[in-house]
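# A look at the structure
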Amino acid sequence: MSQEIYTAEPEATRRSAGKAESSRASRGWWDRHADEYQSDHGVFLGDDRFVWGPEGLDEADAGLLGPAESLSGLAVLEIGAGAAQCSRWLAARGARPVALDLSHRQLQHALRIGGGVPLVEADAGMLPFRDGSFDLACSAYGAVPFVADPVQVFREVHRVLRPGGRWVFSVTHPIRWAFPDEPGPEGLSVAASYFDRTPYVEQDEQGNAVYVEHHRTVGDRVRDVVAGGFRLVDLVEPEWPAWNDQEWGGWSPLRGNLIPGTAIFVCVRD
């Protein structure tokens, strides 16, 4: 697959970015950086672990989708699956997962690892499935932080879920947007307004976005969940465990012991 090469470092800025631009940027960024991402984080993620975020909270311990013994036979959609590590964990417990991602290169890594999980390349805002196709849906840092219209994604998830189905997704904790994305002491002082929803954009020399991440406050996320048709039943803020000594971007033991880095929203389709 041919990939565009950028000769200059992207410029980081805060500016508006719509649905189409955000989607193009995400597809391109993950296609270009999938190899590096899987190389850097593959050991931590494993081939068949279900980890909700850099803190290392494991679904085997958290049970946010329900007791592991209850997953057998359930149809599960993983959105923003990357190399489908979470889907393999689900398959090992008897579930019938489908791993969906926008990035062709990420799904190639899923094929490399193997495991026989069905893979679908598609945009989370236009899910290529019939109404009521799944019992559960999940996303560990997939899609939601990068889309300009999360309500559209949530409505699509609502559509493909059966009544009573759970939708559980993790994102960067909104409070972290007020702090520099640094793992050390320099990342402990507030540097921006928590209420500034202007997207973070990295753009090339022509001003084209090559990476986009959208900020929503906690209240925004709750309202988006409700607007998508869901009932919020839990909001989990994982604490940093003593065993985890790694740094991952702005996540670190230093920061993790002081401020939350991840928010996990547990939702139900009534």
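Notes on the structure in this doc start here. For clarity, every value in this text was computed on a predicted model and none was experimentally measured. (Residues numbered from 1 in each chain as written. Predicted model: local features only at pLDDT ≥ 70, side-chain atom pairs only at ≥ 80, totals over all residues. Heavy atoms only, no water.)

A separate point is the sheet that holds strand E9 (residues 231-236). Here we have seven strands laid out as an open sheet, ordered E4-E3-E2-E5-E6-E10-E9, and mixed in their pairing. The open sheet has two free edges, formed respectively by strand E4 (119-121) and E9, since each of these has just one partner strand. Averaged over neighbouring strand pairs, the angle between their axes works out to 20° when direction is ignored. Bridge count between E9 and strand E10 (residues 262-268): five bridges; the pairing is antiparallel. Bridging from a neighbouring strand, valine 236 pairs with isoleucine 264 of E10. (Pairing = 2+ DSSP bridges. Helix = DSSP H or I, 4+ residues; strand = E, 2+ residues; numbered from the N terminus. Axes fitted to C-alpha atoms, helices over the stretch in contact; angles between N-to-C directions.)

Our focus in this paragraph is the pattern of salt bridges. Inspection of every chain in the model, using the stated rule, returns 13 salt bridges. The partner of arginine 105 in a salt bridge is aspartate 35, with the nearest N and O atoms 2.7 Å apart. Here aspartate 35 lies in helix H1 (residues 19-45) and arginine 105 lies in helix H4 (residues 104-113), a separation of 70 residues in the sequence. With a closest N to O distance of 2.9 Å, arginine 216 and aspartate 224 form a salt bridge. Through salt bridges with shared partners, a single network forms among Asp131, Glu156 and Arg159. (Salt bridge = Lys/Arg side-chain N within 4 Å of Asp/Glu carboxyl O.)

A contiguous nonpolar patch, built from Leu188, Leu254 and Leu258 and spanning about 260 Å² of accessible area, is present on the exposed surface. Locating leucine 254 in the fold gives a position in helix H7 (residues 253-256). (Patch = residues over 30% accessible without salt bridge, like charges linked within 9 Å, V, L, I, M, F, W, Y side chains within 5 Å. Areas by Shrake-Rupley, 256 points an atom, 1.4 Å probe, with all protein chains shown as cover.)

In this structure, Leu77, Ile79, Val157, Trp167 and Phe169 are the most contacted members of the largest nonpolar core, which totals 27 residues. Only strand E2 (75-79), strand E3 (96-101), strand E5 (134-140), helix H5 (150-160), strand E6 (161-172) and E10 provide two or more residues apiece to this core. Dropping the residues within four chain positions of it, tryptophan 167 is found in contact with Ile79, Ala137, Cys138, Ser139, Val144, Phe154, Val157, Leu161, Phe230, Phe265, Val266 and Cys267. Counting 17 residues, the second-largest nonpolar core is a separate cluster that includes Leu65, Leu71, Val168 and Val266. (Core = buried A, V, L, I, M, F, W, Y, C linked by side-chain atoms within 4.5 Å. Buried < 20%, exposed > 50% of the residue type's maximum accessible area, 1.4 Å probe, protein only. Contact = heavy atoms within 4.5 Å.)

All right, on to unusual backbone geometry then. Here the phi dihedral of tyrosine 141 falls at roughly 65°; this positive angle occurs in a residue that is not glycine. With respect to the helices and strands, the residue tyrosine 141 is situated in the loop between E5 and H5. For alanine 143, which is not glycine, the phi dihedral falls at a positive 70°.

Residue classification places tyrosine 141 among the buried residues on the basis of a relative accessible area of 18%. Each residue touching tyrosine 141, except ones within four places of it in the same chain, is listed here: Trp52, Gly53, Pro54, Phe146, Ser170, Val171, Thr172, Trp251, Gly261 and Thr262.

Mapped onto the elements, threonine 13 comes out in strand E1 (residues 11-14). Beyond its immediate sequence surroundings of up to four residues, threonine 13 is in contact with Pro199, Tyr200, Val201 and Gln203.

In this section: the side chain of glutamine 85. Looking at where glutamine 85 falls in the secondary structure, it is placed in helix H3 (residues 85-92). Engagement of the side chain of glutamine 85 in a polar contact is seen with the side chain of glutamine 38, the distance being 3.1 Å. Discounting residues that sit within four places of it in the chain, glutamine 85 has contacts with Gln38, Leu45, Gly46, Asp47, Asp48, Arg49 and Ile113. (Polar contact = N/O pair within 3.5 Å; in protein donor to acceptor, adjacent residues only side chain to side chain.)

Let us look at the sheet that holds strand E7 (residues 200-203). The pairing of strands in a sheet happens through backbone hydrogen bonds and is either parallel or antiparallel. Read from one edge to the other, the open sheet built from three strands follows the order E1-E7-E8, with strand pairing classed as antiparallel. Only two strands of the sheet have a single neighbouring strand rather than two, namely E1 and strand E8 (209-213). Neighbouring strand axes in the sheet, compared pairwise and without regard to direction, differ in orientation by 20° on average. Where E7 lies against E8, four bridges are found, and the strand directions are antiparallel. Its bridge partner being in E8, glutamate 202 is matched across the sheet by tyrosine 211.

Moving on: the pairing of E7. Burial along E7 is one-sided: the residues Val201 and Gln203 are buried and none of Tyr200 and Glu202 is. Here E7 folds back onto E8 in antiparallel fashion, the turn holding five residues, of which glycine 207 has a positive phi close to 85°.

Turning to its location among the elements, arginine 88 is positioned in helix H3. It turns out arginine 88 is buried and unbridged, and the closest side chain with the opposite charge, aspartate 47, is 5.7 Å from it. Of note is the side chain of arginine 88, whose polar atom sits 2.7 Å from the backbone oxygen of alanine 83. Residue contacts for arginine 88: discarding those within four places in its chain leaves Asp47, Asp48, Ala83, Ala110, Ile113, Gly114, Gly115 and Val117. (Lys, Arg positive; Asp, Glu negative; His and termini not counted.)

Scope: geometric values only; no functional claims are made or implied.
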